[in-house]
Each structure stands twice: as C-alpha cells, then as structure tokens.
Amino acid sequence: MNQEATDYEDVTQYPLDPDREKELIKLQKECTFMWANKEGHPIGVIMSYLEFEGKLWLTATKQRARVSAIKRDVKSSICVTSVGTEMGGGKTVTYKGLCVIHEDNQELKDWFYPALAERLFEEESQAKRDQFAQFLDSPSRVIFEFKSEKKIVYDGDKMWAATPDADAPEEWKS
C-alpha cells in the first residue's frame, strides 16, 4: 500500500496493475494513435482497435497521412484511457512501439475486418457486423499491426486512495 500522498509530484507510484491494464484494453474500444509527421511534430487521432496476441490492430485507408508517416518511420505510440468505460476515468496506458502496415493481404483482411466488427458491434446483430466488415473491405484499406516496446501506466484510483482528504472527480469513480 502506498503511503499517504502529500502532493502529486510523482504519480509513477500509482501504476495500473497488469490485470487492470488487461481489463482496460478489453473494455475500451478506442485509442489515440500517435506518430510524427515529416517535420517531426507529433500527431494523434482517435481510432478503434482490436487486441490480439499482445498486439493492437487498427485500420485506415492509404490516403491517410498516418499511413505514409508510418511507412517512413515505424515508431509510434498508442494511448488508451478508461474514460467512458465501466472502470470510470483516471486509468491510462500509453504504449511506445513499432507499427507495421499490411497492404493487399487478403488472409489478414478476412480475419481482421470481421473480428473488429465483432468487437465494435458485439451487442448488434450479425447482419450489422457483417455489413460493417464489408464496408471496411475496400481497395485502399490497410491494416496496422502495433507491437509495444515500452509502456507508461497510471491508476488514478490508487492516487485518490492515497489522498483520503481529497475527493476524486465524479467521472473517475467506478
């Protein structure tokens, strides 16, 4: 158990435990995918993802700037937050890693598009999932395979537990 907090200078003492990280990755369906543009500026967009065998899988069409950027430099980052999940807010994991772009791999597309549709529309009809997967399967679409090399984790619940005189924001409470 962490000692009672006197300030928030060092929040690394409030890590998200591995089981909570797995829960977060399972519950959340969107992440912020980040890369560097030609000028070296960081850019990020919100994307849906699928976790499979320790990697995060995403998709976009070839004309998106992130595709040419990743082809130029595979270094990228993904941040997943608990906001909007039953975990409440204040839990995050940021992965630093490498991203591979897969093009024209029909076997991969045949697996990924239905799997992503199942994840995103698990409460919907099979017809809706099939339709979504069909719309994804367009000629210019590529699949991102992201493998983490390092992570930064944070669990706001631990910080608030170490601060008994403070009250967590309502949206952080689960």
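Look a little higher up for the structure.
Residues numbered from 1 in each chain as written. Predicted model: local features only at pLDDT ≥ 70, side-chain atom pairs only at ≥ 80, totals over all residues. Heavy atoms only, no water.

## What about the layout of surface pockets?
Test applied: Points on a 1 Å grid, built from protein atoms alone, make a cavity when a 1.4 Å probe fits but cannot get out and make a pocket when they are open with protein on both sides within 12 Å along at least 5 of 7 lines; residues with an atom within 4 Å of a point are the lining residues. Grid points are joined across faces, edges and corners, and a volume is the space filled by probe spheres set on the points. Only DSSP runs of H or I with at least four residues qualify as helices, and only runs of E with at least two residues qualify as strands; both kinds are numbered from the N terminus onward. In this classification, Asp, Glu, Lys and Arg are treated as charged, Ala, Val, Leu, Ile, Met, Phe, Trp, Tyr, Cys and Pro as nonpolar, and every other residue, Gly included, as polar.
By volume, the largest pocket amounts to about 420 Å³. Looking at the largest pocket, it is lined by 20 residues, and the ones nearest its centre are Lys22, Ile25, Lys26, Glu51 and Leu56. Looking at the lining of the largest pocket, the elements that each hand over two or more residues are α1 (18-27), β3 (50-52), β4 (55-61) and β7 (141-155). Considering each element in turn, the lining of the largest pocket owes the most residues, 6 residues, to β7. Partitioned by chemical class, the residues of the lining of the largest pocket number 6 nonpolar, 2 polar and 12 charged.

## Notes on the environment of Trp160
As a reminder of what qualifies: The rule is simple: take the accessible area with a 1.4 Å probe, protein chains only, and divide by the maximum for that residue type; under 20% is buried, over 50% is exposed, in between is partly exposed.
Looking at where Trp160 falls in the secondary structure, it is placed in helix α5 (residues 156-161). Taking the relative accessible area as the measure of exposure, Trp160 reaches 18% and is therefore buried. Counting along the chain gives 70 residues from Trp160 to Gly90, while the straight-line C-alpha distance between them is 9.8 Å.

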